[in-house]
Each structure stands twice: as C-alpha cells, then as structure tokens.
Amino acid sequence: MARINEHYRKLKAGYLFPEIGRRVSKFCAENPQAKVIRLGIGDVTEPLPSAIIAAWHKAVDEMAERKSFRGYGPEQGYDFLRQAIVDNDFSPRGVRIDADEIFISDGSKCDTGNILEIFGADNKVAIVDPVYPVYVDTNVMTGRTGPCDDQGRYAGLVYIPATAANNFVPELPKERVDMIYLCYPNNPTGMVATREQLTRWVEYAKANDAIILFDAAYEAYITDPAIPHSIYEIEGARDVAIEFRSFSKTAGFTGVRCAFTVVPKSLTGTTAGGDRVALHSLWNRRHTTKFNGVSYPVQRAAEAIYSAEGKPQIRSMIDFYLTNARLIREGLESAGITVYGGVNAPYVWVKTPGSESSWDFFDRLLTTAHLVGTPGSGFGASGEGYFRLSAFNSRENVEEAVRRFRKVVG
Ligand code: MLT
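What comes next concerns the included structure.

1. So, the sheet that holds strand β15 (residues 386-390)
Here is step 1 of the chain: An order of β11-β12-β15-β14 is seen for the four strands of this open sheet, with the pairing classed as antiparallel. The open sheet has two edge strands, β11 (339-341) and β14 (374-375), and neither has a second partner.

Here you go:
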C-alpha cells in the first residue's frame, strides 16, 4: 500500500488563487451576462514587446536547421543569458555576482518551494505575515510545521507581522531563526524595504548564522532611487542570502516561464556535525538532477530583455502597469479609502471598509460590482481587514474597476 505524505493533510483546502478562481467561475456560470474585471492574481495582460518576440522567433528558426539545432542545454542556463543578467542587473549596481552563481529556471514560485530541499527539516523558519502563500505551503508540504490553527497559522513557523504600524516591514524576530523569507517590493502589500531596514536583516542573519531567502520578483517596479533592487546591494549579503528573480512581472513572462535564482558561492550552511558546506554546490546538485533547463528559444527571448531595443520596450510596459497602480491608488484615496503600496510595486493594499472581513468584502465586490481582487486574509492572519488589487490589466478595465470600487464603498 502506498502511503501518502501526511503533511499535505495539514494544508488548508486549496491554494489561494485556485480558490478565488473557483468562486469567480461559479459566479460567472450563474451570471453569464456579468462583465467581470479581474484584479486578483497578478497576471500580466499586455503582449510581449517586439524585441522579445523577434529574438524568440529567430531562436525557433535556429531549431529548424541542422547546423543551429540544439538539444539539452546546460541545466543551469546558457552562458549568454547568465552573463546578460550579471552585466545588466548586478554589475551596474556595484554588485559582484558571477555568472555561474545564477541558475536559470522556469519560475520563482518553483524555486522558492524547491530551495527547501537543500535545507534541514529542523530549521526554524520565519514568515512575514501577510505573505506570498507559497512560502508557507511548501514548508507545510516538506514537514516543517505542525497543524494549522483557526487563523491559518501553522505551529512551528515564526510569524512576524507586517502591519500599517511598522509600514509593512516587520521587526526582527524576538527568537532566533535559521531561515527568513523576505519579499521586497512586497507581495501582497506593495510596500518596500529601505536600505537601512535591509541592512538590519542582513546583520541579523550574520549574527544568527541564518539564511535570508530574498524574493525580488518585483524589483523592476521600484521607482524610488534610494530603494535597493537586490539584497546584494547590502554589504555582507553574499554570505547570508539567496535571491529569487523572475521575468514574469518584469517582462510579461507569466505564460513564457523564465526566472533565475542567485546562490553566491560564499554562502554556506552547516552539517549535523558542524562543518560548513557551500549551498551553491547543493543547489547545483539539486538543479542538475531534477531540472533539464529552460528551452533555448525562451532563454534567447529573455536575453532580448537586456538588448538596446528590448530595454525601452520593457520599461514602457512596466510604466504602463505602474500608471495603472497610480490610478487605482489615487481613485480609491480620493474616495476616502485607505490604501498602501502601488508606488514601487504593481499591487495596491486596500483597507476594507468598516469591520467587514476580507472574504466577505471579496464576495460583496464580486456579486455587486463584478470585480475580483484578493482577500488579504488569504495571505495570512495579519492580512485580515485588507484587500489586494493588482495593477495588471488593460487601462480601460482598471479605470472601470476604480469606478465600480468607488460605487461599492462610496
Ligand atoms: C500573485 O498574484 O501573488 C502572483 O501573481 C502569484 C505568483 O506570482 O505566483
């Protein structure tokens, strides 16, 4: 008899976004005339820029010729893409990252979950609350937690609240932890961490021999020049942090699939006997054993993000979504609604009116305004009383969404 992984039974019924999808599909089936606008999951809507499409086409054509055809590529990614990342994302910011410290993958969601395989099950893990739910669920799946309480908090995890009182950047944990997930610009609150705040985290990690798992999937949305784009802009971070980056939101790649993880060679963890082992070699071992690389044409498409033609095209796409975020923010604020984020990130974090719960507000907005957002409590107990709106949609839909939202709460 094949026994199941019992840890899966601790998980709450469904992953957040499929649960939203289920409620929306049910509503649409019962109300086929409703024109539903979706600002729920952060999924891009704008077509890929021409420089990316041209590079992708060219690479597909190469696959049609014997002389340029390619089979398996390097599991860690082609050198041309790894080097383009170093030259464009890190060197200009004064950050020393070597090309072989970059692992190309098909997504940060997968990488943030898979990274747990190289860490011991008994590490103490700190989770910012509210949080991107993948960090929590993958810890549950790998047996690092006990059961879930009524508020959705799992025993064994150390929750560190990010609230309006701390500007959505949590205090350092009171107890010692071994691993900390940080995501800035933040999903879901759309807020950022300053250089000083990130420095405190790096210092904490150094003092406690902890590892920071830094998710920088939204770094391209930073508009404030004082905000770091990478944890490695903080001195000493090479010795304590792994960084996750994605082309999904940067370049409209949610349906293309390409991302990367940076594991500096100076980063180490300890064996049960107290010896230091390079995390780079463990991740390399994991990646090359379980992954066969991202397809050649997709990596050429990703490389084009950094080309002279691609850069301004990508910039204007990001600016388009940032303008959407501003319209949402300003439209709601002028109706007296309290909002956060949306300046350096494509998410706006909205205080739900009155004492309505996040899910009740979700249902009311869906049924009365045919508008979809994400209930804050879906990101954790501290998200209760909040609602996330994504700026990823057409201008027309965003403007209409703001009108509908104001009508519901006005
Ligand atoms: C979100 O809406 O939080 C993200 O799009 C989900 C993801 O990146 O997996």
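On we go from here.
2. Considering the side chain of Thr-261
Here is step 1 of the chain: Locating Thr-261 in the fold gives a position in strand β8 (residues 259-262).
Here is step 2 of the chain: The exposure class of Thr-261 is buried, given its relative accessible area of 0%.
Here is step 3 of the chain: Side chain to side chain, Thr-261 and Asp-111 meet in a polar contact 2.7 Å long.
Here is step 4 of the chain: When neighbours within four sequence positions are excluded, Thr-261 is seen to be in contact with Glu-101, Ile-102, Phe-103, Asp-111, Ile-242, Glu-243, Phe-244 and Trp-283.

3. So, the packing of helix α3 (residues 79-90) against helix α9 (residues 296-303)
Here is step 1 of the chain: Running from N to C, α3 and α9 point in directions that differ by 25°, and their axes come no closer than 9 Å. Here α3 is positioned roughly parallel relative to α9, judged by the angle of their axes. Of the two possible hands of crossing, α3 and α9 adopt the one that is left-handed. Across the interface between the two elements, Phe-80, Leu-81 and Ala-84 of α3 pack against Tyr-296, Gln-299, Arg-300, Ala-302 and Glu-303 of α9.
Here is step 2 of the chain: For the contact of α3 with α9, the class distribution of residues is five nonpolar, one polar and two charged.

4. Section: the site of the ligand
Here is step 1 of the chain: With respect to spatial proximity, the complete set of residues near the ligand consists of Phe-17, Ile-41, Gly-42, Lys-109, Tyr-132, Asn-187, Tyr-218, Lys-249, Tyr-347 and Arg-388.
Here is step 2 of the chain: For the ligand, an oxygen atom lies 2.6 Å from a polar atom in the backbone of Gly-42.
Here is step 3 of the chain: Contacts to the ligand include Lys-249, whose side-chain N or O atom sits 2.9 Å from an oxygen atom.
Here is step 4 of the chain: Contact with the protein chains covers 85% of the free accessible surface of the ligand, which is 270 Å².
Here is step 5 of the chain: Residues that form the shell around the ligand fall into these classes: five nonpolar, two polar and three charged.

Rules used in this analysis
- Residues numbered from 1 in each chain as written.
- Predicted model: local features only at pLDDT ≥ 70, side-chain atom pairs only at ≥ 80, totals over all residues.
- Heavy atoms only, no water.
- Pairing = 2+ DSSP bridges.
- Helix = DSSP H or I, 4+ residues; strand = E, 2+ residues; numbered from the N terminus.
- Buried < 20%, exposed > 50% of the residue type's maximum accessible area, 1.4 Å probe, protein only.
- Polar contact = N/O pair within 3.5 Å; in protein donor to acceptor, adjacent residues only side chain to side chain.
- Contact = heavy atoms within 4.5 Å.
- Axes fitted to C-alpha atoms, helices over the stretch in contact; angles between N-to-C directions.
- Parallel < 35°, antiparallel > 145°, perpendicular 65-115°, else oblique.
- Left-handed = near helix turned anticlockwise from the far one by under 90°.
- Nonpolar A, V, L, I, M, F, W, Y, C, P; charged D, E, K, R; others polar.
- Near = heavy atom within 4 Å.
- Areas by Shrake-Rupley, 256 points an atom, 1.4 Å probe, with all protein chains shown as cover.

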